[in-house]
Structure formats: structure tokens, C-alpha cells
Amino acid sequence: MRVNLWYDDGRHIWGYFEDNKFRLWDENSKYIWGECINDRIQLWTDDNEYIWGNLENNEIKLWDEKENFIFGKIDK
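The model shown is predicted, which means the values in this text are computed figures rather than measured ones.

**With respect to the overall build of the chain**
At step 1: Regarding its fold elements, the chain presents zero helices and eight strands.
At step 2: Each helix and strand of the chain, placed in order from N terminus to C terminus, yields the pattern β-β-β-β-β-β-β-β.
At step 3: Rg of the C-alpha trace for the chain: 11 Å, near the compact-globule value of 11 Å for 76 residues, within the 12% margin.
At step 4: Taking the principal axes of its C-alpha atoms as reference, the chain extends roughly 25 × 20 × 20 Å.
At step 5: In the chain, which comprises 76 residues, the share counted as buried stands at 36%.
At step 6: If you take every contact in the chain between residues at least 6 apart in sequence, the share linking residues at least 24 apart comes to 18%.
At step 7: Counting only carbon and sulfur atoms, one obtains 44% of the accessible surface of the chain, whose full area is about 4900 Å².
At step 8: Between the averaged position of the 10 positive side-chain charges in the chain and that of its 17 negative side-chain charges there is a distance of 3 Å.

**Here we look at empty space enclosed by the protein**
Any space left empty among the atoms is revealed by the rolling of a water-sized probe across them.
At step 1: The tally for this structure, following the rule as stated, stands at one cavity of 30 Å³ or more.
At step 2: Approximately 40 Å³ is the volume found for the largest cavity.
At step 3: Taken together, Y7, R11, H12, D26, E27 and N28 make up the lining of the largest cavity.
At step 4: Of the residues contributing to the lining of the largest cavity, the split by class is one nonpolar, two polar and three charged.

The rules behind each value
- Residues numbered from 1 in each chain as written.
- Predicted model: local features only at pLDDT ≥ 70, side-chain atom pairs only at ≥ 80, totals over all residues.
- Heavy atoms only, no water.
- Helix = DSSP H or I, 4+ residues; strand = E, 2+ residues; numbered from the N terminus.
- Rg over C-alpha atoms; globule rule 2.2 N^0.38 Å.
- Buried < 20%, exposed > 50% of the residue type's maximum accessible area, 1.4 Å probe, protein only.
- Contact = heavy atoms within 4.5 Å.
- Areas by Shrake-Rupley, 256 points an atom, 1.4 Å probe, with all protein chains shown as cover.
- Lys, Arg positive; Asp, Glu negative; His and termini not counted.
- Charge placed at Lys NZ, Arg CZ, Asp CG, Glu CD.
- 1 Å grid on protein atoms, 1.4 Å probe; cavity = no way out; pocket = protein on both sides within 12 Å on 5 of 7 lines; lining within 4 Å.
- Points joined across faces, edges and corners; volume = space filled by probe spheres on them.
- Nonpolar A, V, L, I, M, F, W, Y, C, P; charged D, E, K, R; others polar.

Structure below.
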């Protein structure tokens, strides 16, 4: 399933969610990967930043280590 996310400042993240695993990229081609277990999302970037949040009804709400809010959804 396709994923589209946005930082609250407008930056875009996109990728895929399959088998409870995320494979994502940001506008600078930074790779972001992780998983969703029991609606809790844990992601890591290729430079070891941690991103966490929740999945509810295909809506995603995340925060990064700098407390930036990231939101979006999974498109079926």
C-alpha cells in the first residue's frame, strides 16, 4: 500500500507499507524504514534518527527526535 506523509512545514515523505513494514524516502532521498505493531509505529532513518507514532484507521501521526509533527495516510 502506498504511504504519503508530510512534515508540518510541508516536506514530503513517500513510500510503501506492506506486511507491517514501512519503506519510505524523503525529498532528499533519505531512506526511512520501520514497522507497525499493534498500531504503534517505530521508524529509523539511514542516519539513525528515530521517528515514532500511531496508526489509526489508515491515518498516521508521527513525531521525530526534534519534535516535528509528521502526518499522513496509507492509501489502499
